[in-house]
Amino acid sequence: MACIEVSKEGKFKGEEEEEASYTLDGTVDMHGRPAIRERTGQWVAGIVILLNQGLATLAFFGVGVNLVLFLTRVLQQNNADAANNVSKWTGTVYIFSLVGAFLSDSYWGRYKTCAIFQVIFVIGLVSLSLASHLFLLNPRGCGDQTTPCGSHSSWEIGLFYLSIYLIALGNGGYQPNIATFGADQFDEEDPKEGHSKVAFFSYFYLALNLGSLFSNTILGYFEDEGMWALGFWASTASAFAALLLFLSGTTRYRHFKPSGNPLSRFCQVIVAATKKWSVEMPPGEENLYAVNGKESSTNGGRKILHTHGFKFLDRASFITSRDFKDQKQGPHNPWHLCPISQVEEVKCILRLLPIWLCTIIYSVVFTQMASLFVEQGAAMKSKISNFQIPPASMSSFDIVSVAVFIFLYRQVLDPLMSRIKKTDSKGLTQLQRMGIGLIIAVMAMISAGIVECYRLKYARKDCTHCEGSSSLSIFWQVPQYVFIGASEVFMYVGQLEFFNAQAPDGLKSFGSALCMTSISLGNYVSSLLVTMVMKISTTDNMPGWIPGNLNKGHLDWFYFLLAGLTTIDLIVYITCAKWYKSIKLQGKYGENKERDDFEV
């Protein structure tokens, strides 16, 4: 009889191989069964999601990249109002990411949430395309640099805003979930797949930027020439293709089960800790309530190990004599006693908030690329021979910069830093990269301010329609776009990785939504700053810093103001990053995970 090899744990070799074929992070397949490693997820599913992201981004930026020009040329809004409306709309896109993240983490799961919001996205694009083609572009051919459009009724303008906010809802609810859903396809408990998961975030951001490249160049050109309906219909076709591609990978995807309403879990911890505010707690962890095994109090999530910060919240898991008696009578009352893993879930989010708040000012800088950079470029010389360069297409330099710096970081800087540090770590930490992103953002604003100084020097002050009124070439904007692109690679890719890694298993989509809501609040803060600056700078009949005729304003001063605010934000960020302590998960890092990996 053939010998059967038995492991030290008493398992037959065949049983070990069968067990090893399943993922170790708790993911399941489309039927709810444990996911088999070879048949689900990995780069097959990851590439489908990357292509889906590229097409969806093409569709979104086909609307967003030239929206400020659509508002000024078709709806006849002035520069300040158009910039504010674009900032509010973009901000709303990312506010809706919280809605999508909540539904995904709590009830629907990421696959269902992505599918539903992509359908809403397509409906919004169809509505915008029809509204523009039938009502807004009147007379035919209007909306270019020379032919103004006529006035519009209130219901036509209402239909326009309904359409673009449906687009905001669809894209906002989909965006944080698709990033996290893509990361779900890689088992971070497996070393090889864990490395692929880190790489996925870089490629995800690259796909996002490559998708917008077509919008910023080809679609941007057609829209700048007044062919708005064509551009919007192309965006609609791209979004529909993205939806079909996403559905085609259904059988291959890995899924995390939704963990239930996180708001109730948060409230339970706060209420339970408050009820025990006067209880004296002995040192040590012996009297803290813990769930047995490696799973946390959420549905299938890994247990978060105890940390020593926010000690007041530990009272929620402190077992009093009353709790001990209640346990003998039946299940514990979650509003009076919470597992320590549930308490640590709240601590994780509280630790993330200061870092998240520090990213908002960076997003103020980033949002200028879609508003004031475009208006600045429109007032510069943008003709080469007989070819007119659309100002919005200059953001293609940002995209090229993102692609180049992702390559340089992954192939050059990251390996170099690993050798210099002589450790097993993978180069720069996520927090370090985010700090570098802030430094480069300061350089971008200084560059934009210097360019504006020279644009004003060569501008005609007496022009009525001031597009192209400066003899300074639009290509002088290239450095500021390159700096923004470089800063994105360090800030936004690092931010995506950081929030995904540091969020508890039951709140991964919320972690990605935090990244997006910082962009949202950045847009609202930008709108507020523009409003405040205009109100203060227009006293005594002065034209203000950002008037309709930029040649009579001081846009350069606004850029330098942003550079100063970002410098202050950098100092605050470094302080918060040094204070931050990372999440500790059982089964992944072990109990003695050091904080150094996340220090700046």
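Residues numbered from 1 in each chain as written. Predicted model: local features only at pLDDT ≥ 70, side-chain atom pairs only at ≥ 80, totals over all residues. Heavy atoms only, no water.

Visitor: So, the packing of aromatic side chains: which residues are in play, and what are the values?
Guide: Scanning the entire structure with this criterion turns up 32 aromatic pairs. Relative to F246, the ring of Y111 lies with its centre 5.3 Å away and its plane at 20°, an arrangement referred to as stacked. Taken together, the residues span a long stretch of sequence, with Y111 in helix 5 (residues 110-136) and F246 in helix 8 (residues 228-248) at a distance of 135 residues. Plain terms: the ring middles of F181 and F246 are 6.1 Å apart, the flat faces sit at 55° to each other, and that makes the pair tilted. You can see F181 sitting in helix 6 (residues 154-184) and its partner F246 sitting in helix 8, a full 65 residues away along the chain. (Phe/Tyr/Trp six-rings, centres within 6.5 Å; stacked < 30°, edge-to-face > 60°. Helix = DSSP H or I, 4+ residues; strand = E, 2+ residues; numbered from the N terminus.)

Visitor: Requested: an account of unusual backbone geometry, with residues and values cited.
Guide: If a residue is not glycine, its phi is most likely negative; likewise, a peptide bond is most likely trans. The residue Q42 is not glycine, and still its phi comes out positive at about 60°. Relative to the assigned elements, Q42 resides in helix 2 (residues 42-64). For F310, which is not glycine, the phi torsion reads 50° and is therefore positive. Tracing the sequence through the fold places F310 in the loop between helix 9 (262-275) and helix 10 (321-329). Looking at F310, the relative accessible area reads 32%, which means it is partly exposed. (Buried < 20%, exposed > 50% of the residue type's maximum accessible area, 1.4 Å probe, protein only.)

Visitor: Describe the nonpolar core, listing the residues and the values that go with them.
Guide: Counting 118 residues, the largest nonpolar core has F70, W89, F160, I355 and F558 as the members making the most contacts within it. Filtering out sequence-adjacent residues up to four positions away, I355 remains in contact with L431, M434, F498, Y573, C576, A577 and Y580. Counting 11 residues, the second-largest nonpolar core is a separate cluster that includes V269, L313, A316 and V343. (Core = buried A, V, L, I, M, F, W, Y, C linked by side-chain atoms within 4.5 Å. Contact = heavy atoms within 4.5 Å.)

Visitor: A description of the state of the cysteines should follow, citing residues and the corresponding values.
Guide: Enumeration over the complete set of coordinates arrives at one disulfide. Between the sulfur of C142 and that of C149 lies a disulfide, 2.0 Å long from S to S. Disulfide C142-C149: the torsion about the S-S bond is 90°, which places it as right-handed. Looking at C149, the relative accessible area reads 7%, which means it is buried. (Disulfide = S-S within 2.5 Å.)

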